[in-house]
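Working through the structure, step by step
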Amino acid sequence: MKNSVSTTARLLGAGLRALLVLTIVCGVAYPLAVTGIAQALFNDKANGSEIKDGSGHVVGSSLIGQRYDLPKQNPDDPQEAAKPDLKWFQPRPSNGLGANSVNTRYSLILSGATNKAGDNPDLVKLVDDAKAAVVADNSTATYEVRPEDVPADAVTSSGSGLDPHISPEYAQLQVHRVAEKNGLPVEQVEKLVEDHTEGRQLGFMGEPRVNVLELNTALRAAARR
C-alpha cells in the first residue's frame, strides 16, 4: 500500500514538474523569444504593416484595402449605397459576402468573393454598371475615358475582396480626375503614381501594382502644401 502511494506521489510530482516546465518554455519563453525576434528583425510586419501619415498617425494597413466614400445621407440605412469621394484614388470594387456592420471602412463582413460565374447575369450587370461609373467619374473637361480604356481591376473585386492594390493602368486612369478635384497639376499627380508603383516581386512574380492607401496618404500630404 505504501509503495503504491509513494509511486503515485512520484508520478504526480513528475507530471506537475513537467507541466510547470512546459508552461514556462512553451507558454512564456517561446512566445517572448518569437515576439522579440519579430520586433527586432521585422518590426513593421510584426505590427500589422501599418501606414502612417506625415504626423505619425496610423491611417491603416498596407495589407487591407479601404474605401474612400462620401458620408451617407442616412447612416442608419444599410441599403443606401455609399458614393465614392472622387478627390481620392479609388480601390477595386469590394463586392463580396454582404454588408459589414463592424468595419464601416469596407463593405465586407468576411474575406471572400462573390463566387459568381463569368456569365452570371448579376455579375455581368455589376461589371457593366461599374464600367459606366468609372467612365463617368473619371472623364473631365480635358480628358475623356473610353469604355475600352477601363482595366479589369476597376470593375471586378479580387478573390479576397480586400485587395489593397490596383493596377498602374487604373491609377493612371484616375489621375486627371484626382488632379482636378484637388487643384493639383496633372504632372504632379502622375509623379505620385509613378513613385508608388511597385514592380514584380523578384522581377518575375506577380504584376506591377499601386497601393491605394499609400498613394492617397501621399496625395493628402501633397494637397496640403
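Before reading on, note that the structure itself is shown above.
Structure report, in brief. (Residues numbered from 1 in each chain as written. Predicted model: local features only at pLDDT ≥ 70, side-chain atom pairs only at ≥ 80, totals over all residues. Heavy atoms only, no water.)

Moving on, we come to empty space enclosed by the protein. Going through the model one piece at a time under the given rule, you end up with one cavity of 30 Å³ or more. Taken as a whole, the largest cavity spans an internal volume of roughly 40 Å³. Taken together, Ile64, Gly65, Gln66, Tyr68, Pro91, Pro164, Asn211, Val212 and Leu213 make up the full set of residues lining the largest cavity. For the lining of the largest cavity, the residue count by class is six nonpolar, three polar and no charged. (1 Å grid on protein atoms, 1.4 Å probe; cavity = no way out; pocket = protein on both sides within 12 Å on 5 of 7 lines; lining within 4 Å. Points joined across faces, edges and corners; volume = space filled by probe spheres on them. Nonpolar A, V, L, I, M, F, W, Y, C, P; charged D, E, K, R; others polar.)

With that out of the way, let us pick up the packing of helix α4 (residues 168-182) against helix α5 (residues 186-195). For the pair α4 and α5, interaxial distance at closest approach is 9 Å and the crossing angle is 145 degrees. In the crossing of α4 with α5, the sense of the turn from one axis to the other is right-handed. Along the contact surface, α4 presents Ala171, Gln172, Val175, His176, Val178 and Ala179, while α5 presents Val186, Val189, Glu190 and Val193. Partitioned by chemical class, the residues of the contact of α4 with α5 number seven nonpolar, two polar and one charged. (Axes fitted to C-alpha atoms, helices over the stretch in contact; angles between N-to-C directions. Helix = DSSP H or I, 4+ residues; strand = E, 2+ residues; numbered from the N terminus. Left-handed = near helix turned anticlockwise from the far one by under 90°. Contact = heavy atoms within 4.5 Å.)

Our next topic: α5. Taken together, the buried positions of α5 are Val189, Leu192 and Val193. All buried residues of α5 lie within an arc of 100 degrees about the axis, which places them on one face of the element. The exposed residues of α5 that point more than 90 degrees off its buried face are Glu187 and Glu194. Residues of α5 that are buried in the fold lie against α4, β4 (197-198) and α6 (212-224). (Buried < 20%, exposed > 50% of the residue type's maximum accessible area, 1.4 Å probe, protein only. Arc of directions from axis to C-beta.)

Read across the open sheet, the three strands follow the order β3-β5-β4; overall the sheet is antiparallel. Edge strands, defined here as strands with exactly one partner in the open sheet, are β3 (165-166) and β4. With two bridges joining them, β3 and strand β5 (residues 209-211) adopt antiparallel strand pairing. Counted as the bridge partner of Ile166 is Val210 from β5. (Pairing = 2+ DSSP bridges.)

Moving on, we get to the side chain of Gln90. Within the secondary structure, Gln90 sits in the loop between β2 (58-61) and α3 (121-138). The exposure class assigned to Gln90 is buried, which follows from its relative accessible area of 7%. From its side chain, Gln90 meets the backbone oxygen of Tyr68 in a polar contact 3.1 Å long. Apart from residues lying up to four places away in sequence, Gln90 is in contact with Tyr68, Asp69, Pro84, Asp85, Ile166, Tyr170, Gln174, Arg177 and Val212. (Polar contact = N/O pair within 3.5 Å; in protein donor to acceptor, adjacent residues only side chain to side chain.)

Below, the discussion takes up the pattern of salt bridges. Scanning the entire structure with this criterion turns up eight salt bridges. Asp69 is the salt-bridge partner of Arg67, the closest N and O atoms lying 2.7 Å from each other. A salt bridge links Glu148 to Arg146; the nearest nitrogen and oxygen atoms lie 3.8 Å apart. The exposure class of Arg146 is partly exposed, given its relative accessible area of 44%. (Salt bridge = Lys/Arg side-chain N within 4 Å of Asp/Glu carboxyl O.)

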